[in-house]
Amino acid sequence: AFSHTIFKGITMAVDRQVICWKDHFDRAQVMTTTAGDGGWAIKKTGAGTPTYTTVSGGGVALTLDNTSEAQIVTLYQKDILPLALLNVKRISFNAKVSGIDSVTTLVMGLASAQNDTSDTVSLNAWFRMQGSVSLTAVVTETDDNVTNNDDIATGATLAAVYKRFTIDFTRGLSDVRFYIDGAPVSTATTFAMGAIVSTDYVQPYVQIQKASGTGVPAVTLRDLEIEYSVAVGA
C-alpha cells in the first residue's frame, strides 16, 4: 500500500499543505510502461526480458537479464513530474543491490525527464553506483543544470542488504545533504542547487543499466518516502 499524510494550514485564502507520501510496495503489482498504482511506470531499453515487479514480503525489484546487450530499466513516474524541487523537503528509501559488475550503472533519487544516459538528465539529486569504478562504492550527485557535482565519494558501500538512503533539502537548495543509514555522507562537499526555479519539476527515479555482457544486476526498493509542501491558491 501507499499512503499520504497531509498537514494543512489556511492563510488569506491560500491552502498550505505539507504532504508525506510513502509507498511500501506491499501489493501484487506488475509494473508496465503504463503508469499504474502510485503513478509508477517502467521504461525498458533493449531486446531482452528483464523483470520488474513487486516481491513477496514487500519491495519492488528491477532485475536485468543475461542478454548481452545495452539494457536499461527505469522505474519512474513516466515523466509526469509531480514535485516542484523548490518544495521538496526530503526523499528517503531503503535499497539493496546484487550482481553489480563493471558495466553496470545505477542511480536512485530525484530527476527530471528520463534519459537513457543518466549524466544527461538535466536536473537530479541522487545516489549512484558506477561499476566501472567500483562494484560496491556509492557516490552522490546533484545537477541544477548550471552547477554539476559528480561522483562525490560517500565512503559507504552497497551490497545485498538493505540500507536507508536520504536526500535532505530542509536547509534549502544551497545546502542539500545526503545520508546513509542516518549518517551524513559526502560532507566535504556543499551541494548547492541555487539555479532551481519554481518551474523546475522532478520525479522519484531509479535506473539500472548495463552496457553489455551476460550479467544480471538488480536493485530492490523496500519502500520510498517523499515529503514536500504545496500552496493551493497562491
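Since the structure is predicted, the reported quantities are computational estimates derived from the model, not experimental observations.

Caption draft 1: How the structure looks around the overall build of the chain. Broken down by element type, the chain carries zero helices and 17 strands. Relative to the globule expectation of 17 Å for 234 residues, the C-alpha radius of gyration of the chain, 17 Å, shows essentially globular dimensions. Projected onto its principal axes, the C-alpha coordinates of the chain cover approximately 60 × 40 × 30 Å. Relative to its 234 residues, the chain shows a buried fraction of 49%. Taking contacts inside the chain between residues at least 6 apart in sequence as the whole, the part at least 24 apart equals 64%. Counting 17 positive and 22 negative side-chain charges, the chain places the averaged centre of each group 6 Å from the other.

Caption draft 2: Spotlight on the pattern of salt bridges. Considering all chains together, one arrives at 11 salt bridges under this definition. The shortest N-O distance in the salt bridge between Asp-23 and Arg-27 comes to 2.9 Å. Given the relative accessible area of 0%, Asp-23 is considered buried. A salt bridge links Lys-43 to Asp-116, with the shortest nitrogen-to-oxygen separation between them at 3.5 Å. With Lys-43 in strand E3 (residues 41-45) and Asp-116 in the loop between strand E9 (104-111) and strand E10 (124-130), this pair connects stretches of sequence that are 73 residues apart. Taking the relative accessible area as the measure of exposure, Lys-43 reaches 29% and is therefore partly exposed. Through salt bridges with shared partners, a single ionic network connects Asp-119, Arg-128, Glu-141 and Asp-151.

Caption draft 3: Geometry of the nonpolar core. Among the nonpolar cores identified, the biggest contains 50 residues, and Met-108, Phe-127 and Phe-169 are the most heavily contacted of them. Each residue touching Met-108, except ones within four places of it in the same chain, is listed here: Phe-93, Ala-95, Trp-126, Phe-127, Leu-158, Phe-165, Tyr-205, Val-206 and Val-219. Counting residues in hydrophobic clusters, the runner-up holds seven residues, among them Tyr-76, Ala-111, Trp-126 and Tyr-205.

Caption draft 4: Up close: the environment of Ala-160. Relative to the helices and strands, Ala-160 resides in the loop between strand E12 (148-157) and strand E13 (163-168). For the pair formed by Ala-160 and Lys-96, sequence separation is 64 residues and the distance between their alpha carbons is 5.3 Å. Not counting residues within four places of it along the chain, the set of residues in contact with Ala-160 comprises Lys-96 and Val-97.

Caption draft 5: Broad picture of the pairing of E13. The buried count for E13 comes to five of six residues, which makes it a mostly enclosed element. By the bridge criterion, six bridges tie strand E8 (residues 88-98) to E13 in an arrangement that is antiparallel. Bridge pairing in E13 places Ile-91 opposite Ile-167. Bridging between E13 and strand E14 (residues 177-180) involves four bridges; their strand directions are antiparallel. Looking at the pairing, Asp-168 lines up with Arg-177 of E14.

Caption draft 6: Region of the structure containing the environment of Asp-79. One can find Asp-79 in the loop between strand E6 (71-76) and strand E7 (83-84). Separated by 62 residues in sequence, Asp-79 and Glu-141 have C-alpha atoms that sit 20 Å apart. Discounting chain neighbours no more than four positions away, the residues touching Asp-79 are Ser-112, Ala-113, Gln-114 and Gln-203.

Caption draft 7: Examining unusual backbone geometry more closely. In this structure, Lys-78 is a non-glycine residue whose phi angle is positive, near 55°. Owing to a relative accessible area of 39%, Lys-78 belongs among the partly exposed residues under this scheme. Even without being a glycine, Asn-145 presents a positive backbone phi close to 75°. Among the structural elements, Asn-145 can be located in the loop between strand E11 (137-143) and E12. According to the relative accessible area criterion, Asn-145 is exposed, its value standing at 55%.

Here is what the cut-offs are and how they apply
- Residues numbered from 1 in each chain as written.
- Predicted model: local features only at pLDDT ≥ 70, side-chain atom pairs only at ≥ 80, totals over all residues.
- Heavy atoms only, no water.
- Helix = DSSP H or I, 4+ residues; strand = E, 2+ residues; numbered from the N terminus.
- Rg over C-alpha atoms; globule rule 2.2 N^0.38 Å.
- Buried < 20%, exposed > 50% of the residue type's maximum accessible area, 1.4 Å probe, protein only.
- Contact = heavy atoms within 4.5 Å.
- Lys, Arg positive; Asp, Glu negative; His and termini not counted.
- Charge placed at Lys NZ, Arg CZ, Asp CG, Glu CD.
- Salt bridge = Lys/Arg side-chain N within 4 Å of Asp/Glu carboxyl O.
- Core = buried A, V, L, I, M, F, W, Y, C linked by side-chain atoms within 4.5 Å.
- Pairing = 2+ DSSP bridges.

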